[in-house]
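Spelled out from the first residue to the last, the chains are:
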Amino acid sequence: MTRRLSPLDQLLARAGDALAGRSAPDAPAPRPSPALSQEGEASATLTAPERHHAAGLMRVNHAGEVAAQALYHGQSMLARTPEIRRHLLHAAAEERDHLEWCAQRLQQLGEGPSRLQPVWYGASFAMGALAAVVGDRWSLGFVEETEKQVVQHLNGHLQKLPKTDHASRAILEQMRIDEARHGAEARAAGGVDLPLPVRLAMRGVARVMTRTAYWF
């Protein structure tokens, strides 16, 4: 007889999936990586320093997707309405695609994810849960602001990637499209603007993560 998982058990299972860089067992099949059509030409033309730099950038993006999973898990767990919970879990499913794409690309580049993944997950889960406690409209506003900052971050990485790394570039371009849509959907679902101090604090936390995850 299969044991029914408690909400805590489900959370821990999702956390394990996120930290392992894989989809949850009950998740839809992931979309094929946008890098697949670029694989042959992309990696072969990178020099060793370029490969290391690209891996550092993709490690940051992978850490960001671990954090995104945690945010959505924290928010959905404490969402006040089923509609908002479904909205958050749908976005999280697409974010899992990003997580897998970044993990695959890191492996292709010969490097691994950030060793501080549990830190990124725990801190982000707490932030997501706090946003949900304040209320669904604030939680959706948190999603919108997060996605705005992620799009800006991806724009910067697209400029920093080696010009011949077409595979990583294809991944980030699709991620940028998805993130912008998630932000717009959160606004349409009722998200509100966050106070300036909150937005600045979010930027500060993101800056610490991006600078650290590049190396560790």
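J.: When you look at the pattern of salt bridges in this model, what are you seeing that I'm missing?
T.: Oppositely charged side chains are able to pair whenever their charged atoms sit close together. Inspection of every chain in the model, using the stated rule, returns 11 salt bridges. The salt bridge partner of Arg187 is Glu144, with a shortest N-O separation of 3.1 Å. Residue Arg187 is located in helix α7 (residues 166–188), and its partner Glu144 is located in helix α6 (residues 136–160); the two are separated by 43 residues in the primary sequence. The class of Arg187 is partly exposed, set by a relative accessible area of 34%. Residue class for Glu144 comes out buried when judged on its relative accessible area of 9%. The shortest N-O distance in the salt bridge between Asp193 and Arg187 comes to 2.3 Å. Several salt bridges converge on common partners, so that one network encompasses Arg31, Glu94, Asp97, Asp178, Arg181 and Glu185.

J.: So what exactly am I meant to see when it comes to the nonpolar core here?
T.: Generally speaking, soluble globular proteins have nonpolar side chains that are buried together. Formed by 24 residues in total, the largest nonpolar core has its most connected members in Met58, Leu109, Ile171, Leu172 and Met175. Contributing elements (two or more residues each) for this core: α3 (48–77), α4 (82–108), α6, α7 and α8 (196–213). Beyond its immediate sequence surroundings of up to four residues, Leu172 is in contact with Met58, Asn61, Leu154, His157, Leu158 and Leu161. Core analysis: the second largest hydrophobic core is formed by nine residues, Tyr72, Ala79, Leu88 and Ala186 among them.

J.: Got a minute to help me understand empty space enclosed by the protein in this structure?
T.: Which parts of space are left empty comes out when a probe the size of a water molecule is rolled across the atoms. Tallied over the entire structure, the rule returns one cavity of 30 Å³ or more. In this structure, the largest cavity spans a volume of roughly 30 Å³. Lining of the largest cavity is provided by Tyr72, His87, Leu88, Ala91, Val143, His182 and Glu185. Secondary-structure elements contributing two or more residues to the lining of the largest cavity are α4 and α7. Ranked by the residues each element gives to the lining of the largest cavity, the list is headed by α4, at three residues.

J.: What is the right way to look at the packing of aromatic side chains in this model?
T.: The description of an aromatic ring pair rests on the distance of the ring centres and on the angle between the ring planes. The full count for this structure, using the stated rule, is two aromatic pairs. Residues Tyr121 and Phe125 carry aromatic rings whose centres are separated by 6.5 Å and whose planes lie at 15° to one another, so their mutual orientation is stacked. With Tyr121 and Phe125 both in helix α5 (residues 117–134) and four residues apart, this pair spans about one turn of that helix. Between the aromatic rings of Tyr214 and Trp215, the centroid separation amounts to 4.8 Å while the plane-to-plane angle is 70°, which identifies the pairing as edge-to-face.

J.: Would you explain the packing of α3 against α5 in this entry?
T.: Helix-helix packing: each pair is described by the crossing angle between the helix axes and the interaxial distance. In contact at an axis separation of 7 Å, α3 and α5 are set at 35° when each is read in the N-to-C sense. Crossing angle aside, the handedness with which α3 passes α5 is right-handed. Contact residues: His62, Ala63, Val66, Ala67, Gln69, Ala70, Leu71, His73, Gly74, Gln75 and Met77 in α3; Gln117, Trp120, Tyr121, Ser124, Phe125, Met127, Gly128, Ala129, Ala131 and Ala132 in α5. Along the lines of polarity and charge, the residues of the contact of α3 with α5 split into 13 nonpolar, eight polar and no charged.

J.: Just checking my understanding: could you explain the environment of Ala184 for this structure?
T.: Here Ala184 lies in helix α7. Residues Ala184 and Val143 lie 41 residues apart in sequence; the distance between their C-alpha atoms is 9.4 Å.

The rules behind these values
- Starting afresh in each chain, residues are numbered from 1 along the sequence in its written order.
- Restriction of local features to residues with pLDDT of at least 70 applies here, the model being predicted, together with a cutoff of 80 or more for giving and counting side-chain atom pairs; totals for whole chains, interfaces and linings are based on all residues.
- Heavy atoms from the whole structure form the basis of all side-chain values; hydrogens and water molecules are not counted.
- Just to be clear on terms, a salt bridge is a Lys or Arg side-chain nitrogen sitting within 4 Å of an Asp or Glu carboxyl oxygen.
- Helix and strand definitions here come from DSSP, where helices need a minimum of 4 consecutive H or I residues and strands a minimum of 2 consecutive E residues; each element is numbered from the N-terminal end.
- For each residue, the accessible area found with a 1.4 Å probe, counting protein chains only, is set against the maximum for its type, and the residue is called buried under 20%, exposed over 50%, and partly exposed in between.
- Buried Ala, Val, Leu, Ile, Met, Phe, Trp, Tyr and Cys residues form a nonpolar core when they are joined through side-chain atoms within 4.5 Å.
- A contact between two residues is defined here by any heavy atoms of the two lying within 4.5 Å.
- The method works on a 1 Å grid over the protein atoms by themselves. A cavity is a set of points holding a 1.4 Å probe that cannot get out, a pocket is an open set with protein on both sides within 12 Å along at least five of seven lines, and residues with an atom within 4 Å of a point line them.
- Grid points are joined across faces, edges and corners, and a volume is the space filled by probe spheres set on the points.
- Stacked, edge-to-face and tilted labels apply to pairs of Phe, Tyr and Trp rings (six-membered ring for Trp) whose centres lie within 6.5 Å, assigned for plane angles under 30 degrees, over 60, and everything in between, in that order.
- Every angle, taken between N-to-C directions, lies between 0 and 180 degrees, and every axis is a line fitted to C-alpha atoms, over only the stretch in contact when it is a helix.
- Crossing handedness follows the turn of the near helix against the far one: under a right angle anticlockwise gives a left-handed crossing, and clockwise gives a right-handed one.
- Ten residues, namely Ala, Val, Leu, Ile, Met, Phe, Trp, Tyr, Cys and Pro, are considered nonpolar, four, namely Asp, Glu, Lys and Arg, are considered charged, and the remaining ones, Gly among them, are considered polar.

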